[in-house]
Amino acid sequence: IFAERFVTPLSGWPHDPGGNAWFADGAYRLFARQPGRFVAAGVPLRETVGDAVLTAQFHKVGGPLGGGYGLIVRAQGDAAERDSRSQSGQYLVVEIGDQGDVGIWQREGTRWIDIVPWSHSDAVRVGREPNTMTVTTRNSTIGLAVNGLQIVDVPYSGLPSSGGVGVFVGGDLNEVALEWLRIEAAE
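Cut-offs applied
Per chain, residues are indexed from 1 in the order of the written sequence. A pLDDT threshold of at least 70 governs which residues receive local features in this predicted model, and a stricter bar of 80 or more applies before side-chain atom pairs are shown or counted, although totals over entire chains, interfaces and linings include all residues. Working from all heavy atoms in the structure, the side-chain values ignore hydrogens and water. A run of H or I in DSSP becomes a helix once it reaches four residues, and a run of E becomes a strand once it reaches two; helices and strands are each numbered from the N terminus. A radius of gyration in this sense is built from C-alpha atoms; the matching globule rule multiplies 2.2 Å by the number of residues raised to 0.38. Note on classification: 1.4 Å probe, protein chains only; a residue is buried when its accessible area is under 20% of the maximum for its type, exposed when over 50%, partly exposed between these limits. Per-residue and other accessible areas were derived by the Shrake-Rupley procedure at a 1.4 Å probe size, with only the shown protein chains allowed to occlude residues. For our purposes a nonpolar core is just a set of buried Ala, Val, Leu, Ile, Met, Phe, Trp, Tyr and Cys residues, chained together by side-chain atoms within 4.5 Å. It only takes one pair of heavy atoms within 4.5 Å for two residues to be counted as in contact. Ring pairs are drawn from Phe, Tyr and Trp, using the six-membered ring of Trp, whenever the two centres fall within 6.5 Å, and their geometry is named by plane angle: stacked under 30 degrees, edge-to-face over 60, tilted for the rest.

Draft legend 1. Geometry of the overall build of the protein chain. Counting its secondary structure elements, the protein chain contains zero helices and 14 strands. Helices and strands appear in the protein chain in the N-to-C order β-β-β-β-β-β-β-β-β-β-β-β-β-β. Taken over the C-alpha trace, the protein chain has a radius of gyration of 15 Å; the compact-globule value for 187 residues is 16 Å, and the two agree within 12%. Counting only C-alpha atoms, the protein chain reaches 40 × 35 × 30 Å along its principal axes. A burial count over the protein chain gives 52% of its 187 residues as buried. Total accessible area computed for the protein chain in this model is approximately 8300 Å², and 47% of it derives from carbon and sulfur atoms.

Draft legend 2. Just the nonpolar core, in detail. With 45 residues, the main nonpolar core has Phe6, Trp13, Tyr28, Phe58, Leu71, Ile104 and Leu181 as its most contacted residues. Ignoring any residue separated from it by four or fewer positions in sequence, one finds Trp13 in contact with Phe2, Phe6, Phe23, Tyr28, Val43, Pro44 and Leu181. Phe38, Ala40, Ile72 and Ala75 belong to the second-largest nonpolar core, a separate cluster that totals seven residues.

Draft legend 3. Structural detail: the packing of aromatic side chains. For the structure shown, the criterion picks out 12 aromatic pairs. Relative to Phe23, the ring of Phe6 has its centre 6.1 Å away and its plane inclined at 40 degrees; by these criteria the two rings are tilted. Pair noted here: Phe6 is in the loop between β1 (2-5) and β2 (21-24) and Phe23 is in strand β2, with a separation of 17 residues, a long-range link. According to the relative accessible area criterion, Phe6 is buried, its value standing at 1%. Measuring from centroid to centroid gives 4.9 Å for Trp105 and Trp118, while their planes differ by 65 degrees, and the two rings are edge-to-face. In this pair, Trp105 is assigned in strand β8 (residues 101-109) and Trp118 in strand β9 (residues 111-120), connecting sequence segments 13 residues apart.

This is the structure in structure tokens:
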């Protein structure tokens, strides 16, 4: 469905070097510049994604300890609504924390619903080390593998059957580089 290493800017992606999301140094950079606000950027695809396998590699490039990054799945609404500035929407976030945690949340308008609260995982490389995450959506089940190790596989009745995808960064002043992203239909 999609496979890209972010060597040059891509059409349709939020790109503002003075803002929250931009292309630089062979990566897609996301920066939560404003305390208390996260960054959600939609991947501009032609169609929504149902059962899929999303694999991405991220690494932290700046900010204090405690930030996180990850993937948005089954987002409702247009990808442009996840413009790197908006704080509302309806989607799931599967996230890795820079101190060795993983979690899954649903964004419902302007509030968060815990699906898998932050939980420690030895599979997560901490600090600025790169992490490869694989998110799998099959029917009403969402899975997460980090650096090749399956961490979470949880059924969730609130999971829409399809939707958009995106990238996410949370944590005050957290700056992250997305090195590459691949989206495949699940077999």
